[in-house]
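Residue strings, one per chain:
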Amino acid sequence: MAVVKADAYGHGLLEAAAALSDSDGFALLDLDDALRLREAGFRQKIVLLEGCFSIDELDEVATSAIDLVIHSREQVEMLESGRLQKRINAFVKCNTGMNRLGFRPDIFRKMLERLEENENIGEIASMTHFCCADGEEGVKSQMDVFNAAVAGLNHPSSLANSAALIRYPETRTEWLRPGIMLYGASPFPEQTAEELGLKPVMTLTSRIIAIQHVMKGEGVGYGPIFRAERNMRVGIVACGYADGYPRHAPNGTPVLVGRQLSKTVGRVSMDMLYADISDIPDAGVGTEVVLWGEGLPVEEVAKCCGTISYELLCALAPRVPVTYT
Ligand SMILES: *Cc1c(COP(=O)(O)O)cnc(C)c1O
């Protein structure tokens with residue numbers, strides 16, 4: 001199933017779902033978004049990754065054939081408290097070490113058995129989520145905990161996020177849950193999307209709207225974070241933190257100006273940021289600037305900003321005009 005939470009990692013839920021329509025399912029958080037997918041005609045499995053929060057939602061979940069992750073005692077009790085019009089399929093979540101959502105292994109089995117006896121529940125799958133599939137630690141200890149928790153059971157299971165699915169074949173069970181890789185970004189800090197054969201889906205571009213000739217010793221933009229070490233030409237780019245570009249991007253964050261690699265200078269403003277174009281004489285008002293995407297991996301920008309590609313992609317602001325090609 002394709003993970004399309006956070007508006008498909010900033011790519012637009014319905015457009016991303018259409019592009020991913022071959023997948024056997026979609027996973028996201030909001031019931032409203034799940035219903036939007038149903039209304040748009042998507043018939044495959046749709047899973048709410050945090051389940052439901054209110055008993056009032058259950059009938060709509062059931063009649064719209066939406067599956068629930070069930071991770072808390074409160075949710076089990078909610079499902080035991082009345083009779084629904086239709087059965088709901090459940091992904092019962094085991095907390096195997098991430099300590100975010102899910103039943104600890106010692107009660108997982110009991111909860112699963114309670115759900116098996118519940119007349120509101122249809123098919124059951126077991127599920128877990130890895131905390132360290134993208135790093136040194138890997139999945140071994142969580143796999144061991146999971147395998148012990150489900151020993152003797154015959155349910156389908158769902159384990160792998162992008163990192164696990166790429167690196168650990170043993171996590172590829174019935175339902176995979178890739179997210180970031182579907183959007184062409186790498187889940188690993190030390191391995192680029194290109195090395196993994198992934199192509200960026202989102203390219204964030206803007207243009208230079210003004211040029212400033214900045215003298216040695218002068219600053220650019222708000223605050224004192226930048227001082228020119230020489231006379232320089234600076235391109236004022238129409239993209240700022242209100243578009244989702246991180247304000248904490250430091251001096252020297254890569255940008256492409258007219259396909260040439262350059263660097264930001266000064267603090268990102270709400271609507272503008274600044275690129276050193278001293279060595280790009282062809283650049284002028286109207287020159288295209290790529291903030292990330294084709295030609296400039298989002299991971300590189302993210303690393304420079306002390307974050308991960310996920311955060312940059314998800315932060316794309318609604319005001320940014322989007323064209324789908
Ligand atoms: C976000 C999420 C995924 C997808 O993770 P990626 O690293 O983007 O592949 C899978 N499972 C769960 C439970 C998630 O919250």
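Model, not experiment: these values are computed from the prediction.

What counts and how
- Residues numbered from 1 in each chain as written.
- Predicted model: local features only at pLDDT ≥ 70, side-chain atom pairs only at ≥ 80, totals over all residues.
- Heavy atoms only, no water.
- Helix = DSSP H or I, 4+ residues; strand = E, 2+ residues; numbered from the N terminus.
- Buried < 20%, exposed > 50% of the residue type's maximum accessible area, 1.4 Å probe, protein only.
- Contact = heavy atoms within 4.5 Å.
- Lys, Arg positive; Asp, Glu negative; His and termini not counted.
- Charge placed at Lys NZ, Arg CZ, Asp CG, Glu CD.
- Pairing = 2+ DSSP bridges.
- Axes fitted to C-alpha atoms, helices over the stretch in contact; angles between N-to-C directions.
- Phe/Tyr/Trp six-rings, centres within 6.5 Å; stacked < 30°, edge-to-face > 60°.
- Lys NZ or Arg CZ within 6 Å of the ring centre and 35° of its normal.
- Near = heavy atom within 4 Å.
- Polar contact = N/O pair within 3.5 Å; in protein donor to acceptor, adjacent residues only side chain to side chain.
- Nonpolar A, V, L, I, M, F, W, Y, C, P; charged D, E, K, R; others polar.
- 1 Å grid on protein atoms, 1.4 Å probe; cavity = no way out; pocket = protein on both sides within 12 Å on 5 of 7 lines; lining within 4 Å.
- Points joined across faces, edges and corners; volume = space filled by probe spheres on them.
- Core = buried A, V, L, I, M, F, W, Y, C linked by side-chain atoms within 4.5 Å.
- Domains from an automatic or database assignment.
- Buried area = accessible area lost by both parts, 1.4 Å probe.
- Salt bridge = Lys/Arg side-chain N within 4 Å of Asp/Glu carboxyl O.
- Patch = residues over 30% accessible without salt bridge, like charges linked within 9 Å, V, L, I, M, F, W, Y side chains within 5 Å.
- Areas by Shrake-Rupley, 256 points an atom, 1.4 Å probe, with all protein chains shown as cover.

The helix and strand tally for the protein chain stands at 10 helices and 13 strands. Summarising its shape, the C-alpha atoms of the protein chain cover approximately 75 × 40 × 35 Å along the three principal directions. Classification of the 325 residues of the protein chain by burial places 50% in the buried group. The contacts in the protein chain between residues at least 6 apart in sequence include a share of 59% that link residues at least 24 apart. Both charge centroids of the protein chain, one from 31 positive and one from 44 negative side chains, sit 3 Å from each other.

Further remarks concern the sheet that holds strand β9 (residues 232-237). The strand order across the open sheet built from 6 strands is β11-β10-β13-β8-β9-β12, with neighbouring strands paired in antiparallel fashion. Strands with a single pairing partner mark the edges of an open sheet, and in this sheet they are β11 (260-263) and β12 (273-276). Neighbour-to-neighbour, the strand axes of this sheet turn through a mean angle of 40 degrees, independent of strand direction. With 4 bridges joining them, β9 and β12 adopt antiparallel strand pairing. The partner of Gly-235 across the bridge, within β12, is Ala-275.

The subject of this paragraph is the packing of aromatic side chains. Throughout the structure, instances matching the rule amount to 5 aromatic pairs. Judged by centre distance (6.0 Å) and plane angle (40 degrees), the rings of Tyr-9 and Tyr-310 are tilted. Taken together, the positions of Tyr-9 in helix α1 (residues 5-10) and Tyr-310 in helix α10 (residues 309-314) put the pair 301 residues apart, joining distant regions of the chain. A residue is classified by how much of its surface remains accessible, and Tyr-9, at 5% relative accessible area, is buried. One residue, Arg-167, lies across the ring of Phe-188, its end atom 3.6 Å from the ring centre.

This brings us to the site of the ligand. Neighbouring residues of the ligand: 14 residues in total, closest Lys-5, Tyr-9, Ser-162, Ile-180 and Tyr-310. Within the side chain of Ser-162, a nitrogen or oxygen atom sits 2.5 Å from an oxygen atom of the ligand. In this structure, an oxygen atom belonging to the ligand sits 2.8 Å away from a main-chain N or O atom of Gly-179. In terms of residue class, the shell around the ligand is made up of 6 nonpolar, 4 polar and 4 charged.

On to empty space enclosed by the protein, then. Taken as a whole, this structure holds 1 cavity of 30 Å³ or more when the rule is applied. A volume near 40 Å³ is recorded for the largest cavity. Residue lining of the largest cavity: Lys-93, Cys-94, Asn-95, Thr-96, Met-98, Asn-99, Arg-100, Leu-101, Thr-128 and His-129, and that is the complete set. A class-by-class count of the residues in the lining of the largest cavity yields 3 nonpolar, 5 polar and 2 charged.

As a further point, take the sheet that holds strand β3 (residues 45-48). Here 7 strands make up an open sheet; going across it, the order is β1-β2-β3-β4-β5-β6-β7 and the pairing parallel. Whereas interior strands pair on both sides, the edge strands pair on one side only; in this sheet they are β1 (2-3) and β7 (157-158). In the sheet, strand β2 (residues 25-28) pairs with β3 via 4 bridges, with the strands oriented parallel. Note on β3: the bridge partner recorded for Gly-25 is Lys-45.

Core analysis: the largest hydrophobic core is formed by 96 residues, its most contacted members being Val-4, Ile-70, Tyr-245, Val-257, Leu-291 and Trp-292. Each of domain 1 (2-183) and domain 2 (204-314) accounts for three or more of the residues forming this core. If you look at the next biggest cluster of nonpolar residues, it comprises 9 residues, including Val-214, Phe-226, Val-234 and Tyr-274.

Moving on: the domain arrangement of the protein chain. For the protein chain, the domain assignment lists domain 1 (2-183) and domain 2 (204-314). Placing the centre of domain 1 and that of domain 2 at their C-alpha centroids yields a distance of 39 Å. On the domain 2 side, the residues contacting the 5 residues of domain 1 number 4 residues. Buried area between domain 1 and domain 2, summed over both chains or domains, comes out near 420 Å², and the portion from carbon and sulfur atoms is 78%. Looking only at domain 1, the three residues that lose the most surface to domain 2 are Ala-6, Tyr-9 and Ile-180, adding up to 77% of its buried area. Where domain 1 meets domain 2, there are 0 salt bridges. Put simply, domain 1 and domain 2 have 0 residue pairs in polar contact (both at pLDDT 80 or more) between them.

With that settled, consider a negative patch on the surface. A contiguous patch of negative charge on the surface is contributed by Asp-30, Asp-32, Glu-39, Glu-50, Asp-59 and Glu-60. Breaking the negative patch down by element, the ones donating at least two residues are α3 (31-39) and α4 (58-63). Following the sequence through the fold, Glu-50 ends up in the loop between β3 and α4. Owing to a relative accessible area of 30%, Glu-50 belongs among the partly exposed residues under this scheme.

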